[in-house]
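Coordinate analysis (summary)
Each chain, letter by letter, is given below.
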Amino acid sequence: MLINSKDGTLQLEAFATQLYKGMLLDQLQQTEFYKKKYHHMWDVKTGYVWYYFDKMEVRGYQFCLNLCFLEDQLHSIHMNTWESTDAKDWNEWTEQKEMQVFRQNNTFLEMILEVSPTKKKTPYPSCTFQFPWGDIWSVYDPRSASSLMGISYNEEENN
């Protein structure tokens with residue numbers, strides 16, 4: 001996998017698939033990635049629909065993608081790494097384990113992007129990689145007791 005820092009496209013080489021802002025849902029559904037890794041979807045009933053995909057291996061990490069479509073166009077991407085030492089359910093969950101997920105997400109992004117992020121401790125621990133087209137971010141959110149990373153694209157400017 002490669003995230004193109006010039007335009008924010010996400011290349012999934014193993015599936016000959018490129019994900020990008022504005023990609024149409026029917027284009028995604030024709031890809032090998034969708035055909036082999038699609039798991040389920042969740043219609044939020046606000047115009048946003050989330051598509052969830054099974055884990056894949058990326059550079060030694062187990063990696064998951066969740067794609068958010070607004071109407072029928074790709075709007076944003078959420079991602080996560082997973083290791084066997086991560087909590088599998090609430091009985092195993094601890095803040096220490098979740099902070100480890102946050103750190104492994106950050107390490108993964110730094111390896112993929114080959115740049116250093118802007119790090120913040122407040123209001124929540126986060127790392128942000130800023131680009132002209134948008135941000136790639138990683139956060140630990142104690143309110144949801146979870147760590148997550150994602151790609152957020154800038155809104156188009158009205159000229």
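Here, every reference points to the structure presented above.
To keep things clear, this report deals only with the structure shown in the data block. (Residues numbered from 1 in each chain as written. Predicted model: local features only at pLDDT ≥ 70, side-chain atom pairs only at ≥ 80, totals over all residues. Heavy atoms only, no water.)

Now for the overall build of the chain. In terms of regular secondary structure, the chain is built from 3 helices and 12 strands. Over its C-alpha trace the chain gives a radius of gyration of 16 Å, about what one expects of a compact globule, namely 15 Å for 159 residues. Dimensions of the chain, computed from C-alpha atoms along their principal axes, come out at roughly 40 × 35 × 35 Å. Long-range pairs, those at least 24 residues apart, make up 39% of the contacts in the chain between residues at least 6 apart in sequence. On the chain, roughly 9200 Å² of surface is accessible, and the fraction owed to carbon and sulfur atoms is 49%. Placing the 15 positive and 22 negative side-chain charges of the chain at their respective mean positions leaves the two points 5 Å apart. (Helix = DSSP H or I, 4+ residues; strand = E, 2+ residues; numbered from the N terminus. Rg over C-alpha atoms; globule rule 2.2 N^0.38 Å. Contact = heavy atoms within 4.5 Å. Areas by Shrake-Rupley, 256 points an atom, 1.4 Å probe, with all protein chains shown as cover. Lys, Arg positive; Asp, Glu negative; His and termini not counted. Charge placed at Lys NZ, Arg CZ, Asp CG, Glu CD.)

A separate point is the nonpolar core. By size, the foremost hydrophobic cluster in this structure holds 34 residues, and its most contacted members are L19, L28, L65, I77, M79 and I136. With 5 residues, the top contributor of residues to this core is strand β7 (residues 61-70). The contacts of L19, once residues within four sequence positions are left out, are G8, T9, L10, L12, L28, L65, L67, L74 and I77. (Core = buried A, V, L, I, M, F, W, Y, C linked by side-chain atoms within 4.5 Å. Buried < 20%, exposed > 50% of the residue type's maximum accessible area, 1.4 Å probe, protein only.)

Strands sit in the order β1-β2-β3 across an open sheet of 3 strands; the sheet is antiparallel. The strands lining the two open edges of the sheet, one partner per strand, are β1 (2-3) and β3 (17-19). Where strand β2 (residues 10-12) and β3 come together, 3 bridges link them in antiparallel fashion. Across the sheet, Q11 pairs through a bridge with Q18, a residue of β3. (Pairing = 2+ DSSP bridges.)

Inspection of every chain in the model, using the stated rule, returns 4 salt bridges. Put simply, K36 and E32 hold a salt bridge, and the shortest N to O gap is 3.7 Å. Taken together, the residues span about one helical turn, with K36 and E32 both in helix α2 (residues 32-37) at a distance of 4 residues. Residue K36 is classed as exposed on the basis of its relative accessible area, which comes to 57%. A salt bridge links K88 to E92, with the shortest nitrogen-to-oxygen separation between them at 4.0 Å. Relative accessible area serves as the criterion here: at 31%, E92 is assigned to the partly exposed category. (Salt bridge = Lys/Arg side-chain N within 4 Å of Asp/Glu carboxyl O.)

For the rest of this paragraph, the subject is unusual backbone geometry. Each neighbour pair has its own omega, and for T122 with P123 the value is 0°, a cis peptide bond. For A16, which is not a glycine, the phi torsion comes out positive at approximately 50°. Within the secondary structure, A16 sits in the loop between β2 and β3. The phi dihedral of E71 falls on the positive side, at around 60°, and the residue is not glycine. Of note, E71 is situated in the loop between β7 and β8 (73-82). For E71, a relative accessible area of 60% translates into the label exposed.

Along its 19 residues, helix α3 (residues 95-113) runs 27 Å from first to last C-alpha, staying within 8% of the 27 Å computed at 1.5 Å per residue. The first or second residue beyond α3 is E114, which carries a positive phi of 60°. (Expected span 1.5 Å × (residues − 1).)

The geometry of an aromatic ring pair is captured by the separation of the ring centres together with the interplanar angle, meaning the angle of the planes. Taken as a whole and judged by the stated rule, the model has 13 aromatic pairs. Judged by centre distance (5.7 Å) and plane angle (65°), the ring pair of F15 and F33 falls under edge-to-face. In this pair, F15 sits in the loop between β2 and β3 while F33 sits in helix α2, placing the two residues 18 residues apart along the sequence. Exposure class is identical for F15 and F33. Each is buried. Counting every residue linked through ring pairs, the aromatic cluster contains F15, F33, Y34, Y38, Y51, F53 and F69. In this arrangement the basic side chain of K55 is found over the ring face of W82, its NZ or CZ atom lying 3.8 Å from the centre. (Phe/Tyr/Trp six-rings, centres within 6.5 Å; stacked < 30°, edge-to-face > 60°. Lys NZ or Arg CZ within 6 Å of the ring centre and 35° of its normal.)

The values are spatial; any link to function lies outside them.
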